[in-house]
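Architecture at a glance
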Amino acid sequence: GKRDTAVCSSQMLFDKTYMAAPQRAATSYANPAASSRTQQPIVTGASVIALKYKGGVMLAADTLGSYGSLARYSTLSRLRPIGASTILGGAGDYSDFQFIMSRIDEKIIADDCENDGCSLEPKALHGWLSRVYYGRRCKFDPLWNDLIVAGYRDGQGFVGIVDKLGTTYEENFSASGFAAHIAMPLLRNSWNPDITEDQARQLLEECCRLMFYRHTLASTQIQIAHVDETGPHVSEPYRITTKWDYEAFKHTEYNGFW
Amino acid sequence: GINPPVSAMFRNQYDTDVTTWSPQGRLHQVEYAMEAVKQGSAAVGVRSNTHAVLTTLKRASSDLSDFQKKIFHIDEHLGIAIAGLSSDARVLSRYMRTECLNHRFVYDTALPVGRLVSQIGDKSQACTQGSWLRPYGVGLLVAGYDQTGPHIYQTCPSGN
């Protein structure tokens, strides 16, 4: 009944892992006649971090797909170029991310077919995603993602966030999921509007390194993507280094502990 | 083909509904609707690299009445000038305003002018292919500014 729904909703909001499945059955958006439970994410991507720099925007995400706590798929691309001026970074359920990507690809193709020189700009994509995600949330059948839309157009950078509840906002820099707690303080200390592309890249790598140290679902294989006036560019996946040669770790008499 | 004078048009046997072709391959109802546009007072649209401008001559139906409004504001980036049945113009105007507003709500950007005009064209064409409908008796000049610059478009009851 209604009371169960309220209890389950607050569970969804405050459950640390967002993995609890509420008990109330809900109708599916795709087939109203069917009844399905509110979802839990299955294969998940960890954090996405994005920031504006002088001349563009940059995003970082690791390439790991986790199956619960199992590090199952080591190379999944969670940063996708869209059109000529945008990149979408997706955290959360990977199949929902693939689903929304195929819907976005349909829109890009439809724009191409119009052939009128008008293309989807970053804030338009952000607005559309916000409506879709909020609509799904209202039907209790969310797309379980934390998205970051990052784009650069007419000399203006754009970083916009949409989450599974349809929460929507723009920022100069942002991080999704656990990185919102771990990486954001680093970004807040180091970000300024005139940060260069190299500084941005180093800052993002440092954030990814920190995420690997602190977040059990993060990996060291990452992708960095950026959008500047030449368009979106997504790097090949590469490994970042981590530092473990601390003096305290060398005390072998404590068997690796300190 | 060249349109016959108005008096000659009433001799057509094939002009009672819009879904009847004449043997010459014409839809007379559509042409009559276009006549309603021609009977309206002048509307002129001009475009440069930076601006699109509409001008109209407002007509008063009698010496005591006000001059008929011919320019309608549709959205921040788009407006129309009408010629023909002002009631049909109101309907199209309301449709265009709703479309622009819905687009702004979802996409937070201006609806590209050409795409809205295409939608008007499709709406107009649909009225030429249903026996329970009649064509819109109004032609629009659409002036707008979007990401591809300023535009002037013309619509017509035929959907062209």
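Calculation rules
Residues numbered from 1 in each chain as written. Chains lettered and ligands numbered in written order. Predicted model: local features only at pLDDT ≥ 70, side-chain atom pairs only at ≥ 80, totals over all residues. Heavy atoms only, no water. Helix = DSSP H or I, 4+ residues; strand = E, 2+ residues; numbered from the N terminus. Buried < 20%, exposed > 50% of the residue type's maximum accessible area, 1.4 Å probe, protein only. Contact = heavy atoms within 4.5 Å. Areas by Shrake-Rupley, 256 points an atom, 1.4 Å probe, with all protein chains shown as cover. Axes fitted to C-alpha atoms, helices over the stretch in contact; angles between N-to-C directions. Parallel < 35°, antiparallel > 145°, perpendicular 65-115°, else oblique. Left-handed = near helix turned anticlockwise from the far one by under 90°. Salt bridge = Lys/Arg side-chain N within 4 Å of Asp/Glu carboxyl O. Patch = residues over 30% accessible without salt bridge, like charges linked within 9 Å, V, L, I, M, F, W, Y side chains within 5 Å. Buried area = accessible area lost by both parts, 1.4 Å probe. Polar contact = N/O pair within 3.5 Å; in protein donor to acceptor, adjacent residues only side chain to side chain. Nonpolar A, V, L, I, M, F, W, Y, C, P; charged D, E, K, R; others polar. pLDDT = per-residue confidence, 0-100. Pairing = 2+ DSSP bridges. Phe/Tyr/Trp six-rings, centres within 6.5 Å; stacked < 30°, edge-to-face > 60°. Lys NZ or Arg CZ within 6 Å of the ring centre and 35° of its normal.

Moving on, we come to the overall build of chain A. Secondary structure assignment for chain A yields six helices and 16 strands. The buried share of chain A, taken over its 258 residues, is 45%. Considering only residue pairs separated by 6 or more positions, chain A has 60% of its internal contacts joining residues 24 or more positions apart. Carbon and sulfur atoms make up 52% of the accessible area of chain A, which amounts to about 13,500 Å² in all.

To continue, consider unusual backbone geometry. For asparagine 115 of chain A, which is not glycine, the phi dihedral falls at a positive 50°. You can call asparagine 115 of chain A exposed: its relative accessible area is 67%. Look at aspartate 108 of chain B: it is not a glycine, yet its phi comes out positive at around 55°. In this structure, aspartate 108 of chain B sits in the loop between helix H3 (86-107) and helix H4 (113-126).

Time to look at the packing of H3 of chain B against H4 of chain B. Packed helix pairs are specified by the crossing angle of their axes together with the interaxial distance, meaning the distance between the axes. Residue and element names in this part refer to chain B. Where H3 meets H4, the axes come as close as 11 Å, and the angle between the chain directions of the two elements is 135°. Relative to H4, H3 is oriented oblique. Handedness of the H3/H4 crossing: right-handed. Each of Leu92, Tyr95, Met96, Glu99 and Cys100 in H3 lies in contact with H4, whose residues at this interface are Leu116, Gln119, Ile120 and Lys123.

Where charged atoms from two side chains of opposite charge approach closely, those side chains can pair. Scanning the entire structure with this criterion turns up 14 salt bridges over all chains. With a shortest N-O distance of 2.9 Å, aspartate 62 of chain A and arginine 78 of chain A are connected by a salt bridge. Here aspartate 62 of chain A is found in strand E5 (residues 56-62), whereas its partner arginine 78 of chain A is found in the loop between strand E7 (70-73) and strand E8 (79-82), with 16 residues between them in sequence. For the pair formed by aspartate 62 of chain A and arginine 78 of chain A, the shared burial category is buried. Residues glutamate 197 of chain A and arginine 201 of chain A are paired through a salt bridge, measuring 3.1 Å at the closest nitrogen-oxygen approach. Placement of the pair is glutamate 197 of chain A and arginine 201 of chain A together in helix H6 (residues 197-214), with a separation of four residues, close to one helical turn. Connected through salt bridges with shared partners, the residues Asp111 and Asp116 of chain A together with Arg115 of chain B form a single ionic network.

Next up on the list: a nonpolar patch on the surface. Where nonpolar side chains cluster on the molecular surface, the patch consists of Tyr213, Trp244, Tyr246 and Phe249 of chain A and spans about 380 Å² of accessible area. With respect to the secondary-structure elements, tryptophan 244 of chain A resides in the segment after strand E16 (238-239).

With nine residues of chain B at the interface, the matching set in chain A holds 15 residues. Across the chain B/chain A interface, buried area totals approximately 1,100 Å², and carbon plus sulfur atoms make up 52% of it. Among the residues of chain B in contact with chain A, Tyr107, Arg115 and Gln147 of chain B are the three that bury the most area, contributing 53% of the side total. As a salt-bridge pair, arginine 115 of chain B and aspartate 111 of chain A come within 2.9 Å of each other at their nearest N and O atoms. Counting the contacts that link chain B with chain A gives eight residue pairs in polar contact (both at pLDDT 80 or more). Take the side of chain B that touches chain A: its biggest share by element is three residues, from H3 of chain B. Looking at the side of chain B that touches chain A, its residues break down into four nonpolar, three polar and two charged.

Close inspection of predicted coordinates is inappropriate for parts of the model with low pLDDT. The pLDDT averaged across chain B works out to 92; a share of 93% of its residues lies at or above 70. Confidence metrics for the complex model read pTM 0.84 and ipTM 0.84.

Right, let's get into the packing of helix H3 (residues 122-138) of chain A against H3 of chain B. Orientation of H3 of chain A relative to H3 of chain B, taken along the N-to-C sense of each, is 90°, at an axis distance of 6 Å. With respect to their mutual orientation, H3 of chain A and H3 of chain B come out roughly perpendicular. Where H3 of chain A approaches H3 of chain B, its residues Lys123, Ala124, Gly127, Trp128 and Arg131 of chain A are matched on the opposing element by Phe105, Val106 and Tyr107 of chain B. Partitioned by chemical class, the residues of the contact of H3 of chain A with H3 of chain B number five nonpolar, one polar and two charged.

For the rest of this paragraph, the subject is the sheet that holds strand E5 (residues 138-146) of chain B. Residue and element names in this part refer to chain B. The strand order across the open sheet formed by four strands is E3-E4-E5-E6, and the pairing between neighbours is antiparallel. Looking at which strands have only one partner, the edges of the open sheet turn out to be strand E3 (71-75) and strand E6 (149-154). Neighbour to neighbour, the strand axes of the sheet diverge by 20° on average, direction disregarded. Pairing analysis gives seven bridges linking strand E4 (residues 78-84) to E5, with the strands arranged antiparallel. Paired with glycine 79 across the strands is alanine 143, a residue of E5. Running at roughly 20° to E3, H3 makes contact with E3, E4 and E5 of the sheet. The sheet contacts of H4 involve E4, E5 and E6, and relative to E5 the element is tilted by about 160°.

For the rest of this paragraph, the subject is the packing of aromatic side chains. All names here are of chain A. Following the criterion strictly, the structure yields three aromatic pairs over all chains and no others. A ring pair is formed by tyrosine 94 and phenylalanine 97, whose centres lie 6.0 Å apart and whose planes are at 40°; its orientation type is tilted. In this pair, tyrosine 94 and phenylalanine 97 both sit in helix H2 (residues 94-114), three residues apart, roughly one turn of the helix. Per residue, the accessibility class of tyrosine 94 equals that of phenylalanine 97, and both read buried. Consider the rings of phenylalanine 173 and tryptophan 191, whose centres lie 5.4 Å apart with planes at 40°: the pair is tilted. Highlighted residues: phenylalanine 173 in strand E13 (residues 173-175) and tryptophan 191 in the loop between helix H5 (184-190) and H6, separated in sequence by 18 residues. For phenylalanine 173, a relative accessible area of 11% gives the class buried. One cation-aromatic arrangement involves arginine 72 over tyrosine 67; the distance from NZ or CZ to the ring centre is 4.8 Å.

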